[in-house]
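Architecture and fold: a report
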Amino acid sequence: MFKGSTLVLPDFFIRGDGLKQNLKQRYITSAFILLAATVIVKVISAVYKIPLTNYIGATGRGYFSVAYNVCMPIHALTMGAFPLALTKLVSSYEAKGDRLKIKALRKASKKLFFIIGITGLLVMLVAAKPYANLIASSPKSIYTILALAPSVFFSCLCACHRAFAEGFLDMKATAVSQTIEAFFKMIFGLLFARLSMSWLYGFYMENGTVLGIVVENEEQALSAIYPVTSACAMLGVTLGSIASYIFAAAYTNIKYNFLPKEKVKSRGAYSELLIFSASLVGATVVQSLANFADTSSIQYCLTLCNADALAAQYMVSGEDIYTYVLGIFSVALDFRSLIPAIVMALGVTAVPAVNTAYESGQERFSPLLTSIFKYTVILSVCGGVIIALFYNDLLNIFYGESNEDIVINTGRLLFVFGITSLPGAAASTSVYCTQALGYAKQTILPFAVSAVVRVALNFLLIPMDSINILGSALSHFVGFSIILVWNMVTICRKTRAKLHLTEIFVKPMICAALAYFVTSGIRQSVSASMPDMLVFILSVMICLLSFFTLLILMNSISLKEIKSIK
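Report on the accompanying structure.

Looking only at helices and strands, one finds 17 helices and 2 strands in the protein. Taking 2.2 N^0.38 as the reference for a compact globule, 566 residues should give roughly 24 Å; the C-alpha atoms of the protein span a radius of gyration of 24 Å, in line with that estimate. For the C-alpha atoms alone, the extent of the protein along its principal axes is close to 75 × 60 × 40 Å. For the protein, with 566 residues in total, the buried portion stands at 54%. The long-range fraction of contacts in the protein, counting pairs at least 24 apart against all pairs at least 6 apart in sequence, stands at 84%. The average position of the 43 basic charges and that of the 28 acidic charges among the side chains of the protein differ by 17 Å.

Here it is as structure tokens:
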């Protein structure tokens, strides 16, 4: 709806009832493309992290976590606010048929994202040493932080091209570039980790030194080697970001060469991007600070635990006990993050779809919004059930032969992550939809409140020796529940959308609970008579089949929706 102006829709939208169906089909298809790519990326990432953990251990994974904790606030800004603004504006002007404005936006965005990328790189370089020393209490992690820093710049350049294509509901640039990035990260990360570990450990065996420093035993040698091998492995991430950018740039330059040949001035579009991004930047900054405060408080609160009590509980020794527990937390996050990462595809795809539907009227908007949240909850609870049921199997498959201590020490945390997965996964979709509708400022307060609650719960729970890192899962559940509910209420109040909560929450959660107990019962009855791997595979199939069968029987999803994916 554009009051006081004429809204010109592309031809495929001017079809009465077909309008609603066409947009929904395009959304489902685009979301499916991004979902498929995300699954592929996560499979590659899982394959990558198994041998990587063998090379750098749980302590090395702790160094990885510290580096990513520094990077994530910057990454959230470069991959969140400005790309979302570009996608929103491109989709709006495409709906109006204004290709000259789109060309101006493209020209302006390249300059803007370059500046943001350089700024992000410099911030990360400056913050590396203070963060490693003062907040993470892990001075050796500075090498990993510095190795990751250049990826911020290239990821920002890549985000410019991805967001432009997403404005046309084209997710191919994003899907393929993400896959390329994951592939390069795996190949070169493992190569660099293996070569550096082999060289440094071999030198220790021959000379008793690591990088010129005399060490007394293998434990001291590995303590000196892990920071370097972790940094070498992180270089694969940077190479992946470069390859991803090259593809995305080539794709958009070839695919979108139909824009008018006339010269356009980018100053107006540049200002429009900045103005529209202002509220998004504010929301993203608060979100980033909230997540930064959460992760930093987790790291700090771990140091408040009794070191001897942690060492006894996790059955490890040495000066790196806090980094080790953080590494255990990182391993559990590898599995938990699969759910929000996959679900996020629905949120990213929702930006242009929700924007177009809202401008076209409530008849299309409310049903589409209900569908988006429904699919989000379905994927979230499905992933949570899989993790809660099979956490021990998953850990054994990936770490059973190489790092048995990880299997033993991560299981309880991963189970809790599984049963509390819904808010963390679904919150991102609620934020994307709220911001896509132009209400970015309204997302700031829930982020701030959530951060305060999460940090408070971290300080309350984690220092308890019997709870320690498990407290992070509980604070995560409460904090993200606040974000999810708050944003859904905001959308309903601002747009007068009518969301069907039974369709969104009740039916998927009932189906998930039933699938959990059905699968658990069947598994217990057959586990004694079959090999463990066969039981695992059959149980996963039974779980998925029962879950989606129940969804169809309860009319939560239909075969027609599935067939619309092309």
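Further remarks concern the packing of helix α15 (residues 501-526) against helix α16 (residues 532-553). Between α15 and α16, the least distance of the axes is 8 Å, while the angle of their chain directions is 150°. The angle between the axes of α15 and α16 places the two elements in the roughly antiparallel class. Classified by chirality, the crossing of α16 by α15 is right-handed. On the side of α15, the interface is formed by P508, C511, A512, L514, A515, T519, I522, R523 and V526, while α16 contributes V535, S539, I542, C543, S546, F547, L550 and L551. Split into classes, the residues belonging to the contact of α15 with α16 amount to 13 nonpolar, 3 polar and 1 charged.

It is worth spelling out the packing of aromatic side chains at this point. Considering all chains together, one arrives at 16 aromatic pairs under this definition. Ring geometry for F390 and F536: centres 5.6 Å apart, planes at 85°, overall edge-to-face. Placement of the pair is F390 in helix α10 (residues 362-399) and F536 in helix α16, with a sequence separation of 146 residues. When its relative accessible area of 12% is taken as the criterion, F536 is described as buried. Judged by centre distance (5.2 Å) and plane angle (70°), the rings of F547 and F548 are edge-to-face. By way of ring pairs, the aromatic residues F114, F153 and F154 are connected into one cluster. R106 extends its terminal NZ or CZ atom over the ring of F164, reaching a point 5.0 Å from the ring centre. A cation sits over an aromatic face here: R336 above F417, 4.5 Å from the ring centre.

Our focus in this paragraph is the layout of surface pockets. The space that makes up the largest pocket amounts to roughly 1300 Å³. What lines the largest pocket is a set of 39 residues, and nearest its centre among them are L35, V39, I342, L379 and C382. Counting residues per element, the ones that place at least two in the lining of the largest pocket are α1 (17-95), α8 (321-336), α9 (338-360), α10, α16 and α17 (559-563). Considering each element in turn, the lining of the largest pocket owes the most residues, 13 residues, to α1. Residues belonging to the lining of the largest pocket are distributed by class as follows: 32 nonpolar, 3 polar and 4 charged.

Looking now at helix α7 (residues 307-314). Looking only at α7, the buried set comprises L310, A311 and Y314. Seen end-on, α7 carries its buried residues on one side only, within an arc spanning 100°. For α7, exposure combined with an orientation more than 90 degrees from the buried face picks out D308 and A312. Here the buried face of α7 lies against α6 (267-303), α8 and α11 (404-419). Of the residues trailing α7, M315 is marked for its positive phi of about 55°.

What follows concerns unusual backbone geometry. In this structure, R496 takes a positive phi of about 60° despite not being glycine. Counting through the fold element by element, R496 comes out in the loop between α14 (471-495) and α15.

As a further point, take the nonpolar core. Counting residues in each nonpolar core, the largest one holds 169 residues, and the members touching the most others are Y27, M124, F335, L369 and F547. Broken down by element, the residue count for this core peaks at 27 residues, all from α1.

Parameters at a glance
Residues numbered from 1 in each chain as written. Predicted model: local features only at pLDDT ≥ 70, side-chain atom pairs only at ≥ 80, totals over all residues. Heavy atoms only, no water. Helix = DSSP H or I, 4+ residues; strand = E, 2+ residues; numbered from the N terminus. Rg over C-alpha atoms; globule rule 2.2 N^0.38 Å. Buried < 20%, exposed > 50% of the residue type's maximum accessible area, 1.4 Å probe, protein only. Contact = heavy atoms within 4.5 Å. Lys, Arg positive; Asp, Glu negative; His and termini not counted. Charge placed at Lys NZ, Arg CZ, Asp CG, Glu CD. Axes fitted to C-alpha atoms, helices over the stretch in contact; angles between N-to-C directions. Parallel < 35°, antiparallel > 145°, perpendicular 65-115°, else oblique. Left-handed = near helix turned anticlockwise from the far one by under 90°. Nonpolar A, V, L, I, M, F, W, Y, C, P; charged D, E, K, R; others polar. Phe/Tyr/Trp six-rings, centres within 6.5 Å; stacked < 30°, edge-to-face > 60°. Lys NZ or Arg CZ within 6 Å of the ring centre and 35° of its normal. 1 Å grid on protein atoms, 1.4 Å probe; cavity = no way out; pocket = protein on both sides within 12 Å on 5 of 7 lines; lining within 4 Å. Points joined across faces, edges and corners; volume = space filled by probe spheres on them. Arc of directions from axis to C-beta. Core = buried A, V, L, I, M, F, W, Y, C linked by side-chain atoms within 4.5 Å.

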